[in-house]
Structures are given as C-alpha cells and as structure tokens.
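# Descriptive structure summary
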Amino acid sequence: MHRYITYLGIALLIVLLALIRAFENDLFYDPYLLFFQNDYLYIDHPRREVAKLVGFTSLRYFLNSVISLGIIYLFFKDRGILKFSGLVYVIAYIVILIPFLYFVINPKQEDYYLFFNVRRFLIQPLILLLLLPALYYYKLNKR
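Let me sum up the structure you'll find in this document. (Residues numbered from 1 in each chain as written. Predicted model: local features only at pLDDT ≥ 70, side-chain atom pairs only at ≥ 80, totals over all residues. Heavy atoms only, no water.)

### A short note on a nonpolar patch on the surface
Together, Leu12, Val15, Leu16, Leu19, Phe23 and Leu27 give the surface a local cluster of nonpolar side chains, amounting to about 530 Å² of exposed area. It is helix α1 (residues 2–22) that provides the largest number of residues to the nonpolar patch, a total of four residues. Residue class for Leu19 comes out partly exposed when judged on its relative accessible area of 39%. (Patch = residues over 30% accessible without salt bridge, like charges linked within 9 Å, V, L, I, M, F, W, Y side chains within 5 Å. Areas by Shrake-Rupley, 256 points an atom, 1.4 Å probe, with all protein chains shown as cover. Salt bridge = Lys/Arg side-chain N within 4 Å of Asp/Glu carboxyl O. Helix = DSSP H or I, 4+ residues; strand = E, 2+ residues; numbered from the N terminus. Buried < 20%, exposed > 50% of the residue type's maximum accessible area, 1.4 Å probe, protein only.)

### Some words on the packing of aromatic side chains
Ring pairs (aromatic) are described by centroid distance and by the angle formed between their planes. Counted by the stated rule, this structure contains seven aromatic pairs. With centroids separated by 5.2 Å and ring planes inclined at 35 degrees, the aromatic side chains of Tyr61 and Tyr93 adopt a geometry described as tilted. Here Tyr61 is found in helix α4 (residues 50–76), whereas its partner Tyr93 is found in helix α5 (residues 79–105), with 32 residues between them in sequence. Taking relative accessible area as the criterion, Tyr61 reaches 6% and is therefore assigned buried. An angle of 75 degrees between the planes, with centres 4.8 Å apart, marks the rings of Phe75 and Phe76 as edge-to-face. Through a chain of ring-to-ring contacts, three or more aromatic side chains come together here, namely Phe100, Tyr102, Phe103 and Phe115. (Phe/Tyr/Trp six-rings, centres within 6.5 Å; stacked < 30°, edge-to-face > 60°.)

### Describing the environment of Leu69
Looking at the secondary structure, you find Leu69 in helix α4. Each C-alpha atom, one on Leu69 and one on Gly86, is 7.0 Å from the other, the two residues being 17 residues apart in sequence. Beyond its immediate sequence surroundings of up to four residues, Leu69 is in contact with Leu82, Ser85, Gly86 and Tyr89. (Contact = heavy atoms within 4.5 Å.)

### A look at the packing of α4 against α5
Running from N to C, α4 and α5 cross one another at 160 degrees; their axes reach a closest spacing of 10 Å. Considered as vectors, α4 and α5 are oriented roughly antiparallel to each other. The interaxial crossing formed by α4 with α5 has right-handed handedness. (Axes fitted to C-alpha atoms, helices over the stretch in contact; angles between N-to-C directions. Parallel < 35°, antiparallel > 145°, perpendicular 65-115°, else oblique. Left-handed = near helix turned anticlockwise from the far one by under 90°.)

### Details of the nonpolar core
Counting 31 residues, the largest nonpolar core has Ile71, Ile72, Tyr89, Phe100 and Leu122 as its most contacted members. Of all the secondary structure elements, the ones that give two or more residues to this core are α1, α4, α5, α6 (112–123) and α7 (126–142). Each residue touching Phe100, except ones within four places of it in the same chain, is listed here: Leu53, Val54, Thr57, Phe115, Val118, Arg119 and Leu122. (Core = buried A, V, L, I, M, F, W, Y, C linked by side-chain atoms within 4.5 Å.)

Next up, the structure:
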C-alpha cells in the first residue's frame with residue numbers, strides 16, 4: 001500500500017508540473033512565450049519589463065524546482081540525494097540566470113536560438129529530466 005501512495009504522490013507532482021505549463025500564460029509574465037512561437041521572425045524583440053520578467057521567471061523556476069525536488073524525494077527517499085539535488089538547482093539557477101539576463105538586456109537576433117534554450121532551462125523542469133536518470137544510475141552503482 002505504501003508503494004501506491006508514493007506512486008500517487010509522484011503522479012500528483014507531475015500533474016502539478018503539467019498544470020504550470022498549461023497555465024503559463026495566465027500565471028506568469030513572459031512576453032517571450034508568444035515571441036518565440038512566431039514573432040521572432042518579424043520583430044527584433046518584444047517589449048518587456050526586465051525586473052518583472054526576471055521575477056516571474058524566477059518564481060516559475062522556484063515552483064518547478066520545489067515540485068521536482070518532491071518528485072526526487074518520493075522516487076529515492078534519500079535525504080542526501082535531496083540535499084545534493086537542491087544544491088544542483090541553486091547552482092544551476094545562478095549559472096543560468098547570468099546568460100538569461102545578458103540576453104534579456106542585450107537582445108540580438110543572432111542570439112535568439114541560444115537565448116531560447118537558456119530560457120528553456122529556467123522555465124521548464126529540464127534539470128529533473130537530467131537528474132532522475134543520473135541519480136538512478138548512481139543509486140544502482142552504489143549497491
């Protein structure tokens with residue numbers, strides 16, 4: 001029975017990640033959502049408020065990180081792995097935010113592809129997709 005509760009918890013957290021993605025237009029200020037769908041072909045860059053954009057992007061990263069850490073904890077049930085993963089998320093935020101700020105403050109059309117991918121790491125739970133198999137492999141080899 002305990003295993004089913006764990007699976008249910010992981011499924012619920014995955015649904016929360018999907019809901020963040022599904023309601024991203026309503027929940028977060030991000031003029032680049034629409035821009036990267038089509039507008040980047042016609043205009044140089046969207047009008048944006050830098051502080052507001054960084055704040056909402058950081059909020060989204062924080063929400064995705066907390067939910068992802070919940071998934072990692074339920075999957076491994078190991079506080080050491082949870083602490084390590086939390087540290088990875090903090091370091092990744094600092095490292096990724098620097099080029100994100102550069103691209104937001106200095107938009108150039110030739111940098112859009114790189115900016116799109118840097119931004120993707122902040123607004124989507126890609127680190128979870130990288131950490132889960134790596135931690136699973138570590139756990140298998142630890143035995």
